[in-house]
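Residue-level structure breakdown
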Amino acid sequence: MTKWTDAKLKRQAIEDWKDCYECGHYPDWTNDCEYYTYEDWKRQANDYDMTVSEFKKYVKYFYEYDSTRM
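Before going into details, it helps to say that this report is about the structure given with it. (Residues numbered from 1 in each chain as written. Predicted model: local features only at pLDDT ≥ 70, side-chain atom pairs only at ≥ 80, totals over all residues. Heavy atoms only, no water.)

Side note on the nonpolar core
Grouped together as the largest cluster of nonpolar side chains are 18 residues, with contacts concentrated most on W29, W41, F55, Y58, V59 and F62. Elements with a minimum of two residues in this core: helix 1 (6-23), helix 3 (38-47) and helix 4 (52-69). In terms of residue count, helix 4 provides more of this core than any other element does, seven residues in total. In this structure, W41 is in contact with C33, Y36, V52, F55, K56 and V59, ignoring residues within four places of it in sequence. (Core = buried A, V, L, I, M, F, W, Y, C linked by side-chain atoms within 4.5 Å. Buried < 20%, exposed > 50% of the residue type's maximum accessible area, 1.4 Å probe, protein only. Helix = DSSP H or I, 4+ residues; strand = E, 2+ residues; numbered from the N terminus. Contact = heavy atoms within 4.5 Å.)

Here it is in structure tokens:
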């Protein structure tokens, strides 16, 4: 598993947001994560090779960057 620091998580979230914006396709979790159970968070975190807490930070950075673009 990758060692994710806050800086790496933020950088990755911004890069991923830019990629999503360019292609117009965003991950499914952008619509559903407010209703996630712990198991949902765990499944998504595994998909990103992160722990649940790292993935939650990643999502927070993704949305923070999105809000600065509007």
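Describing the pattern of salt bridges
Going through the model one piece at a time under the given rule, you end up with two salt bridges. In this structure, the salt-bridge partner of D6 is K57, at a minimum N-O distance of 3.1 Å. Of this pair, D6 sits in helix 1 while K57 is found in helix 4, placing the two residues 51 residues apart along the sequence. Classification of D6 by relative accessible area gives partly exposed; the value is 38%. For K57, a relative accessible area of 36% gives the class partly exposed. A salt bridge links R43 to D40; the nearest nitrogen and oxygen atoms lie 3.1 Å apart. You can see R43 and its partner D40 sitting in helix 3, three residues apart, about one turn around the helix. When its relative accessible area of 42% is taken as the criterion, R43 is described as partly exposed. (Salt bridge = Lys/Arg side-chain N within 4 Å of Asp/Glu carboxyl O.)

Keep in mind that these numbers describe shape and distance, not what the molecule does.
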